[in-house]
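Secondary and tertiary structure notes
Listed here are the chains, written in short residue letters.
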Amino acid sequence: MPVPLVLVTTSFPVRGDGSEAAGSFVSDLAQEAGRHTSVRVVAPGPQAIREAWSPSVEIFRYAAPSKPLSTLKPWNPADLRWLVRVLQGGAAATRQAAGDGESHIVALWGLPCGEWARRAARLTGNGYSVWLLGSDVWSLGRVPILRALLGRVIRDAKCAYADGYALADDAQRIARVPVEFLPSTRKIERLPAVTPAPREKPPYRLLFLGRWHTNKGIDLLLDALTLLEDQDWRRIECVEIQGGGPMEGQVRARIAELQAFGHPVVLGNFLSKPEAEAAIVRSDWLVIPSRIESIPVVFSDAMKLGRPVVATPVGDLPRLLSTHKCGVLTSDCNPSSIARALADALSTSAQAYGDAVAAAAEPFSLSLIVERLLRTAGRES
């Protein structure tokens, strides 16, 4: 049997309501890896406890608050207490999951998980890999002390990955060692063969699916919707805004304004994974108005479910859309550019992007990703 894997993460399902962000990907990764080897997952939860997730996957929970760790503020005394508790609990759970036997630790993501993995690997003699997100490199990497910690985590790892092409280049500049591209993607439960194609002509259904956070550009999209002409709105059956997050008050207010003008904009919520797939399938276009991205998981979800995208030119989205022609790229990250791209998309056939979308989905194979991690683990055993 391949070397056991220890997956260390700050995001993993607890309630399964969609609020765990990247956690649904980690869950799918653990289940796929569990088909080949035993897997131990270090993950947040209401309390420190061990759980049997499946016959081959065990969860080592460390206590964490119900809200996302990224929203904790060190200057808030209550949040600071939680941060200290999480840092101590996550490190202890990682050491416990690594055990005394042979295993390979995979940190998802750079900080603090990478530091927990580095310390546990040093104590146990096991190797570790680190997988980086844009928030690691483009947010934490701007803070000098965190940038130094991140560089050490990357350099000491047996292998370092990043879930975007540009992100890998930027991480390599931080650590001055090679960083490989490895996409993060979720398992799609719906079979492509039975997924209906998007409509050939308008009126279309548009979908935003993600966190209501400034990085994800939900405010840019809502501003763009106010700039659409009447002829554009006649080509829209519905705009779904699904998700949740720190901008909830602003999102609700802006949607209420759009609805007051008679525009068919629907306010949603966090969606479970099956609900998210259903939302993508009932849409014709997925809108990604982000200010900062590498490759969002929702992009690969859309490709696997046959939906073209309207996306801003950030991270690797320009490269993906120019290579595969799988949607419409805005000229800039501002409301007017997004409005023009939406108008262009509404004037074309969403169904005509079918072959291009299918080609863009090919690199995002969860089984191939797991095979690559297991090869790395095997080389280091």
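In the block above lies the structure referred to throughout.
Remember, predicted model here, so these are calculated numbers, not experimental data. (Residues numbered from 1 in each chain as written. Predicted model: local features only at pLDDT ≥ 70, side-chain atom pairs only at ≥ 80, totals over all residues. Heavy atoms only, no water.)

**Brief notes about the nonpolar core**
Counting 60 residues, the largest nonpolar core has L225, I241 and F299 as its most contacted members. Of all hydrophobic cores here, the second largest spans 35 residues; its members include A98, A120, Y128 and L150. (Core = buried A, V, L, I, M, F, W, Y, C linked by side-chain atoms within 4.5 Å. Buried < 20%, exposed > 50% of the residue type's maximum accessible area, 1.4 Å probe, protein only.)

**Digging into the pairing of strand β3 (residues 50-54)**
In the sheet, β3 pairs with strand β4 (residues 57-63) via 4 bridges, with the strands oriented antiparallel. Note on β4: the bridge partner recorded for S54 is V57. Taking the residues between adjacent antiparallel strands as the criterion, β3 and β4 are bridged by 2 residues. (Pairing = 2+ DSSP bridges. Helix = DSSP H or I, 4+ residues; strand = E, 2+ residues; numbered from the N terminus.)

**Points about the pattern of salt bridges**
Within the structure shown, the criterion is met by 22 salt bridges. For the salt bridge of R173 with D170, the shortest nitrogen-to-oxygen distance reads 2.2 Å. With R173 and D170 both in helix α6 (residues 165-175), this residue pair falls 3 residues apart, about one helical turn. In this structure D170 comes out as partly exposed when scored by relative accessible area, which is 23%. Note that E237 and R199 form a salt bridge whose closest N and O atoms lie 2.7 Å from each other. Of the two residues, E237 sits in strand β10 (residues 236-244) while R199 sits in the loop between β8 (180-181) and β9 (204-211), which places them 38 residues apart along the sequence. A relative accessible area of 32% places R199 in the partly exposed class. Each of R199, R205, E237, E240, R282 and D284 takes part in salt bridges that share partners, so that together they form one network. (Salt bridge = Lys/Arg side-chain N within 4 Å of Asp/Glu carboxyl O.)

**Focus: the packing of helix α7 (residues 218-227) against helix α13 (residues 335-346)**
The geometry of α7 relative to α13 is characterised by a closest axis approach of 8 Å and an angle of 65 degrees between their N-to-C directions. Crossing of α7 against α13: the hand is right-handed. Of the residues in α13, those touching α7 at L220, L221, D223, A224, L225 and L227 are P335, S336, I338, A339 and L342. Here the contact of α7 with α13 is composed, by residue class, of 9 nonpolar, 1 polar and 1 charged. (Axes fitted to C-alpha atoms, helices over the stretch in contact; angles between N-to-C directions. Left-handed = near helix turned anticlockwise from the far one by under 90°. Contact = heavy atoms within 4.5 Å. Nonpolar A, V, L, I, M, F, W, Y, C, P; charged D, E, K, R; others polar.)

**Some details on the sheet that holds strand β7 (residues 159-162)**
Spatially, 8 strands are ordered β3-β4-β2-β1-β5-β6-β7-β8 in an open sheet, and the strand pairing comes out mixed. Pairing within the sheet leaves two strands with one partner each, and these edge strands are β3 and β8. Sheet topology places strand β6 (residues 127-132) next to β7; 4 bridges connect them, and they run parallel. Within the sheet, the bridge partner assigned to V130 lies in β7 and is A160. Relative to the sheet, helix α3 (residues 113-124) contacts β1 (5-9), β4, β5 (104-108) and β6, its axis offset from that of β5 by approximately 165 degrees.

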